Amino acid sequence: MVRGWVYDRTDKGKLQFIQVRDGSGIVQCVAYKPDMDEATFETASKLTQESSVIVSGTVKVNEKAKKSIPAGYEIGIQGLQLVQMAEEYPITPKEHGVEFLMDNRHLWVRSLRQWAILRIRATLARALTEWLDDHGYLRVDTPILTPAAGEETTTLFSIDYFGESAYLSQTGQLYNEANMMAFGKVYTFSPSFRAEKSKTRRHLMEFWHLEPEVAFMSLEEMMDVEEQLLSYAVSRIMDKHQHELAIIERDLGKLESIKAPFARITYDEAVERLKALAAQTDDPEQKQLLQIEWGEDFGSPHETAIAEQFDRPVFVYHYPSAIKAFYMQPVDGRPEVCRSVDLLAPEGYGEITGGSERIYDPALIDQRIETIGITREAYAWYLDLRKYGSVPHAGFGLGLERTVTWICGLPHVREAIPYARMLNRKYP
Ligand code: 4AD
Ligand code: MG
């Protein structure tokens, strides 16, 4: 028995080929007129797209059942119960514009490609947390309603908290730092919010953020963790989702090379590489895009050009302190750069993780908080962490949707989350 929805139907007179999806896959169900009573066949031959049905019959192996997932099986219908005949369904097999599909996201999630992507997303989330759970990390949840900024104050969503202002969390990091002092190795996995007026294919207002934080960990050890974590997650997806990867036509060769170790280059070297690339190219537009001076942050053309030189993600570390967050530990003897690292995905997908060693010296963190002009009272608890057994520590944040976008090879981050929140979209 299959309970589900009619994905598609092909009418061949006495034969009706009905693709029924049950959420976990699709099976071709065949109604053959001589095998059933007239009323049942009549119903079968009228089924509209997305009508809900309960089908019973005999499962058969049939190589020609190519639309089934898994392929090669079909059901010879004996009983057919119509649960509801669906009204004319807005999403038909013809091409639709993306805005139309996003307006109908609540229905679009039923389409094969979206189904495949969201299943891969679920496995990614599971594999990432599984790896951390198996390596001694404790999941400790952090609040979403927060009294102060965790990252840049310019991207805060503020809300009215009984007459006071509160903000939607941009990161669980600061609380992770408190938790790491209690549990050693922790992570948080929850939505983060960024009120960024950017319309790029990488930005969401609400994204799922996986953030590990570890006591006594160095930047180099953290890179080891990141590359192992991602290699594991990609291999889990390759093992489990051959069907889904085929549906989205992902180039598997690109995923097969995602294995630790990943290349590690400094920001200085990345700038040198960009300068060399800009000098080599004959294309004036590209030359312009690749322009960079030491001290400037990378834009997406820079990230793409650097990443293109590698077949797997590449770590760029020791960024200029001036373009990174207040809490990042300066490099010994060279305070103009900090112990930070971003992981850039291949194929132009840009930054998927960002992290650092944190400042643990009480005087230095105090001074940093002063210089960025945030109120000390709001951070009193954070400063406490540097008073009571402060230790070197490090952590990073991985954006789930950016990682899904890269693993699935999607054109835009909006398809990597069930209901995207973007500059011009909060419906449905
Ligand atoms: O680099 P970010 O801003 O770092 C932090 O928030 C740190 N506090 C994390 C930490 O060290 N615990 O964000 C981390 C990652 C990015 O690399 C990116 O993958 C994702 O979060 N991200 C976004 N994803 C989608 N839309 C946005 N607007 C995002 N902003 C960040
Ligand atoms: Mg970042």
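Rules behind the numbers
- Residues numbered from 1 in each chain as written.
- Chains lettered and ligands numbered in written order.
- Predicted model: local features only at pLDDT ≥ 70, side-chain atom pairs only at ≥ 80, totals over all residues.
- Heavy atoms only, no water.
- Patch = residues over 30% accessible without salt bridge, like charges linked within 9 Å, V, L, I, M, F, W, Y side chains within 5 Å.
- Areas by Shrake-Rupley, 256 points an atom, 1.4 Å probe, with all protein chains shown as cover.
- Salt bridge = Lys/Arg side-chain N within 4 Å of Asp/Glu carboxyl O.
- Helix = DSSP H or I, 4+ residues; strand = E, 2+ residues; numbered from the N terminus.
- Pairing = 2+ DSSP bridges.
- Axes fitted to C-alpha atoms, helices over the stretch in contact; angles between N-to-C directions.
- Core = buried A, V, L, I, M, F, W, Y, C linked by side-chain atoms within 4.5 Å.
- Buried < 20%, exposed > 50% of the residue type's maximum accessible area, 1.4 Å probe, protein only.
- Contact = heavy atoms within 4.5 Å.
- Phe/Tyr/Trp six-rings, centres within 6.5 Å; stacked < 30°, edge-to-face > 60°.
- Near = heavy atom within 4 Å.
- Polar contact = N/O pair within 3.5 Å; in protein donor to acceptor, adjacent residues only side chain to side chain.
- Nonpolar A, V, L, I, M, F, W, Y, C, P; charged D, E, K, R; others polar.
- pLDDT = per-residue confidence, 0-100.

**A look at a nonpolar patch on the surface**
- Residues Val59, Val61 and Tyr73 make up a contiguous nonpolar surface patch of roughly 330 Å² in combined accessible area.
- Looking at where Val59 falls in the secondary structure, it is placed in strand β4 (residues 52-61).

**A look at the sheet that holds strand β5 (residues 73-84)**
- What the five strands build is a closed barrel, ordered β1-β2-β3-β5-β4; its pairing is mixed. Taken over all neighbouring pairs, the strand axes of this sheet differ in orientation by 45° on average, direction set aside.
- By the bridge criterion, seven bridges tie strand β1 (residues 2-12) to strand β2 (residues 15-21) in an arrangement that is antiparallel. Pairing of Val6 across the sheet is with Val20, part of β2.

**So, the nonpolar core**
- Grouped together as the largest cluster of nonpolar side chains are 50 residues, with contacts concentrated most on Leu124, Leu128, Leu210 and Trp406.
- For this core, the secondary-structure elements that each account for two or more residues are α4 (112-134), β10 (185-193), β11 (206-215), α6 (219-240), β13 (314-317), β16 (340-345), β18 (393-399) and α14 (400-408).
- Residues contacting Trp406, with those up to four places away along its chain left out, are Leu230, Val234, Arg250, Ile258, Pro313, Ala345, Pro346, Glu347, Tyr349 and Ile352.
- One finds Ala149, Leu364, Ile365 and Ile374 within the second-largest nonpolar core, a separate group that totals 18 residues.

**Points about the packing of aromatic side chains**
- Under the definition given, this model contains twelve aromatic pairs.
- Summarising the aromatic geometry, the rings of Tyr175 and Trp381 are spaced 4.6 Å apart at their centres and angled 20° between planes, so their arrangement reads as stacked. Of this pair, Tyr175 sits in helix α5 (residues 173-183) while Trp381 sits in helix α13 (residues 380-384), and the two are 206 residues apart along the sequence.
- Classification of Tyr175 by relative accessible area gives partly exposed; the value is 22%.
- Between Tyr267 and Tyr319, the aromatic rings sit 5.5 Å apart at their centres with planes inclined by 45°, giving tilted as the arrangement. Residue Tyr267 is found in helix α9 (residues 267-280), and its partner Tyr319 is found in the loop between β13 and β14 (330-331); the two are separated by 52 residues along the sequence.

**Let's talk about the site of ligand 1**
- In the vicinity of ligand 1 there are 23 residues, among which Glu151, Gln173, Arg194, Glu211 and Glu351 approach most closely.
- The separation between a nitrogen atom of ligand 1 and a polar side-chain atom of Thr171 is 3.0 Å.
- Glu196 places a polar side-chain atom, nitrogen or oxygen, 3.4 Å from a nitrogen atom of ligand 1.
- Here ligand 1 loses 93% of its free accessible area of 620 Å² to cover by the protein chains.
- Those elements giving two or more residues to the shell around ligand 1 turn out to be β11, β17 (350-357) and β18.
- Ranked by residues supplied to the shell around ligand 1, first place goes to β17 with five residues.
- Residues belonging to the shell around ligand 1 are distributed by class as follows: five nonpolar, ten polar and eight charged.

**Let's talk about the confidence of the model for the protein chain**
- With 100% of its residues at a pLDDT of 70 or more, the protein chain has an overall mean of 96.
- Ranking the elements of the protein chain by mean pLDDT puts helix α12 (residues 362-371) last, at 91, and β18 first, at 99.

**Some words on the pairing of β10**
- For β10, the buried fraction is high: eight of the nine residues fall into the buried class.
- Pairing analysis gives two bridges linking strand β6 (residues 138-139) to β10, with the strands arranged parallel. Looking at the pairing, Arg139 lines up with Tyr187 of β10.
- Pairing analysis gives nine bridges linking β10 to β11, with the strands arranged antiparallel. Following the sheet pairing, Tyr187 is matched in β11 by Pro212.

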